[in-house]
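As a plain string of letters, each chain reads:
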Amino acid sequence: MINLYPLKEFRYPVVGECVCPDTFQAKTCGEIRDLRLWEGNRQKKIGDLFKVEEDKSDVNLGKTILKIHGNVSKVREIGARMADGEIIVNGNAGMHLGVEMKGGKITVNGNVGGWAGSMMKAGSIEIHGNVGDYLGAPYRGSSKGMRGGRIVVYGDVGTEAGACMKKGVIKVFGKAGQFAGLRMKGGTIYVEGDCEGRAGACMVDGKIIIGGFVESFLPTFTIDSVKGKAKIEEDESVEGPFYVFLGDIVENGKGKLYVSKQKNPHLSDYEKFL
Amino acid sequence: MELLVKNGVVFDPVNKINGEQMDIAVKDGKIVASVSERRARKIDASGMIVMPGGVDIHSHIAGSEVNSGRLLRPEDHFKDVEYKTLTKRSGVGHSIPSTFTTGYRYAQMGYTTVMNPSMPPLEAKHTHEELNDTPMVDKATYPLLGDWWFVLEHLRDGKVEELARHVAWMMTSTKGYAIKIVNPGGLETWGFGHNVGGFDDQVPNFCITPREIVRGLCKVNSLLNLPHTIHVHTNNLGKPGNFQTCLETMRSVEDMGSEDKPVVHITHCQFSAFKGEDWRTMESGAEEIAGYVNGHSHVTLDMGQIIFADTTTMTADGPFQYSLYELNGNKWVNHDVETETSAGIVPFHYRRKSYVNSVQWSIGLELALLIRDSWKIFMTTDHPNGGPFTSYPKIIAWLVSKKAREATLKRINPRARSRSLLPSIDRELSFYDLAVVTRAGQAKALGLSDKGHLGVGADADIAVYNVNPNETDPSREYMTVRRAFKRAAYTVKGGRLVVRDGEVLKEVKGETMWLNVQVSEQMKMTDETEKKFREYWTVEYENYPVPENYLEVSHPIAVKASV
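Residues numbered from 1 in each chain as written. Chains lettered and ligands numbered in written order. Predicted model: local features only at pLDDT ≥ 70, side-chain atom pairs only at ≥ 80, totals over all residues.

### What about the overall build of chain B?
- Along its length, chain B carries 18 helices and 26 strands.
- Computed over its C-alpha atoms, the radius of gyration of chain B comes to 22 Å, within 12% of the 24 Å expected for a compact globule of 563 residues.
- Along the first, second and third principal axes, the C-alpha atoms of chain B reach 65 × 55 × 50 Å.
- In chain B, the share of contacts with a sequence separation of at least 24, taken over all contacts with a separation of at least 6, comes to 78%. (Helix = DSSP H or I, 4+ residues; strand = E, 2+ residues; numbered from the N terminus. Rg over C-alpha atoms; globule rule 2.2 N^0.38 Å. Contact = placed C-beta atoms within 7 Å.)

### Thoughts on the confidence of the model for chain B
- In this model, chain B carries a mean pLDDT of 93, and residues with pLDDT of at least 70 account for 100%.
- The ipTM assigned to the predicted complex is 0.81, against a pTM of 0.91. (pLDDT = per-residue confidence, 0-100.)

### Some remarks on the nonpolar core
- If you look at the biggest cluster of nonpolar residues, it comprises 168 residues, and the most contacted ones within it are V50, L367 and V464 of chain B.
- The residue makeup of this core includes at least three contributed by each of domain 1 (2-52 + 456-504) and domain 2 (512-560) of chain B.
- For V464 of chain B, the residues in contact, after removing those within four places along its chain, are V5, G8, I43, A45, M48, I49, V50, A488, A489 and Y490 of chain B.
- If you look at the next biggest cluster of nonpolar residues, it comprises 76 residues, including I68, L135, A161 and A176 of chain A. (Core = buried A, V, L, I, M, F, W, Y, C linked by C-beta atoms within 7 Å. Buried ≥ 20, exposed ≤ 12 C-beta atoms within 10 Å, placed from the backbone. Domains from an automatic or database assignment.)

### Concerning the domain arrangement of chain B
- Splitting chain B by domain gives domain 1 (2-52 + 456-504) and domain 2 (512-560).
- Distance from the C-alpha centre of domain 1 of chain B to the C-alpha centre of domain 2 of chain B: 39 Å.

### Overview of the interface of chain B and chain A
- Counting residues at the interface gives four residues for chain B and four residues for chain A.
- Grouping the amino acids of the side of chain B that touches chain A by side-chain chemistry returns two nonpolar, no polar and two charged. (Nonpolar A, V, L, I, M, F, W, Y, C, P; charged D, E, K, R; others polar.)

### Notes on the pairing of strand β15 (residues 222-233) of chain A
- Relative to strand β16 (residues 236-247) of chain A, β15 of chain A runs antiparallel, the two sharing nine bridges. What sits directly across from T222 of chain A, in β16 of chain A, is L246 of chain A. (Pairing = 2+ DSSP bridges.)

### Notes on the confidence of the model for chain A
- Confidence along chain A averages 92 in pLDDT terms, with 99% of residues attaining 70 or more.
- Averaged pLDDT values for the elements of chain A fall to 90 in helix α1 (residues 21-24) of chain A and rise to 96 in strand β10 (residues 124-127) of chain A.

### Quick word on the sheet that holds strand β12 (residues 230-233) of chain B
Residue and element names in this part refer to chain B.
- Ordered by their spatial adjacency, five strands build an open sheet running β11-β12-β13-β16-β20, and the pairing between neighbours is parallel. Since the sheet does not close on itself, it has two edges, and those belong to β11 (180-182) and β20 (377-378), each with one partner.
- Note that strand β13 (residues 264-266) and strand β16 (residues 299-302) share three bridges and pair parallel. Counterpart to I266 in the pairing with β16 is L301.
- This element, helix α9 (residues 243-252), spans β12, β13 and β16 of the sheet and lies at about 165° to β13. (Axes fitted to C-alpha atoms, helices over the stretch in contact; angles between N-to-C directions.)

Here it is, written out as structure tokens:
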């Protein structure tokens, strides 16, 4: 296990692309300290910004575990493109956490900035705090969102969570901002708390389950049925009952939007269309 | 400054030099018979191919349309970033590189002249601003004239000579180089939400047909003695069965050719060579087109080869771009340029597994290989429509090696593979032919007498590729050839060494070539014309022309017209 301790409170953004178990693998502490990253417009070494320690007592066969202790909310791209291993951040993490992740696991015991898990393909991210906007969303302009993997957030998420998602699961146990599941093409988004609205805009396929209050959603969704429960994953489902809406009709979509019946009495008018 | 490229194996088709080991001497930006060996800077090109600098007859590198494409596709850029170096400015690449990167990447492949094929006259200033910012290459641009109201009106009234004077004014004031015609009549019709269905359909409100537009502008082209022919993007582009329209377009000007001089250039012909009723039955019409071109000398073509990759399609053909959007449902831009033309942009991913895309891939190469005379067909991808220009080395490999084609054939859609003509074609281009399709032929078709060859007096644009033609069998070692053409060993631009081992050594400005068409009687500016400008354009007549000082390095080419 490798422990990283930030030496200071970062003032400028740090692009920590190399802070990734795949890069650290089979490297000694000295070699890790020499890895280069950018702080603001200056190129630095990891050793300049972090204290690096190797904990030999914890032996994991072939798997690199990387632990960051402290606030790294200015450090971007932690675990970007990682394929294997594990990252644990005890503190807040910055933008672009686990971008294009292909495997492994990231756990953050704190808050995370925007674009977490952007374009991820596989692996899992667990965040015990709040997350910024664009969770699991694609890069600006692209339509290739999350294509697999699992993101679990125990706090709230910002806008456009799971935009353009094709496969995979996003579970949010807090609240979600506007446009959750924008242009979604597949996969599942579960929001236990309230949702700000416009959920599933332009969605073509996939499933969004909202367990909390939704003030309104787009008029381009039509009610389909009322269901007793909704399936999140293979072995996990939530009890309802839920209104099931289909949409987005403007995109000829057949996406499903599950909204809790109990928390949304104002939607009862829709029942007359059943 | 003197330069001597020593001991290279030279391929210079214009001067009939086929793989001769010789020295090329350069003085003051021009090729000369000899220089003093002691004083000149020497480049050792022994065991390497020496060719004239590459010429690209059709590549969308600048202008408002290209720039909208850049804005539309941040995701296309972010994986291909060029950092600032001591010699280069920073930029982004991929299917629509930023202007500086475009220049660098062309030079890195040994290209020194690039033609920007579509400029709405109204956007001429923007286009020239971007061309000014495209270093390393000489460039020119073709104004879009096929759907311009003045052209349509004059043709309707049968005033060809007056139209010729008008086009001369237009060419000079927009600093253009050739007459570009895109989907003649179709773009005007698109203004009313329709398209012309064929070569003899009428254009609404003008009562003329695409045939009359093509013939009329072809006549104008010969009256003005422009160096290039009319540059035509045919009607019905990208629709199954359109090879007939393409053949009709070529036939329509058959009688206008004199001697062996071509009178029409059909651009990105691959997109105009589809046979079949619909997308399911679509197949290659390359054989018919090649058959026609082989029997006639009034036409030149360029391939418009597609590459299996993600790219951005952009043409002035608004209706075609809209139908493309309907096909793939991707984000899109469609634009109407006042009374002149239209434009459309749609990102597109050409896929090996797609039947249609695989057939398209095959058509491009079939055209290049079935047309026997290399001086009639040129290598392009219609950058960025078929693929970015940076994939030229891939196409070179397919052209010089049957084995390379077979390797790709194995991976394409099986139904397309079984229908492709490529397995039956054994032809492999020699380096001599390659020099024709990538530089000499293009320069000749463009009427650039100083480019595309290494004879005495030519511009000292030289490309040296690190592959030994006497030892390398391109047919087997196509990867070696591909690598060599990807990164030129040396590129000399205007007598200065600008690229070594595929790295840019220094940034140089390229010239912007334009035609100064001299007519005996200038276009008359009637009150009516001025009124039209005021009523129909957002730009006043006085502000319309691009002044010469707008071009950073201006290279006017004087043309004496017969009117």
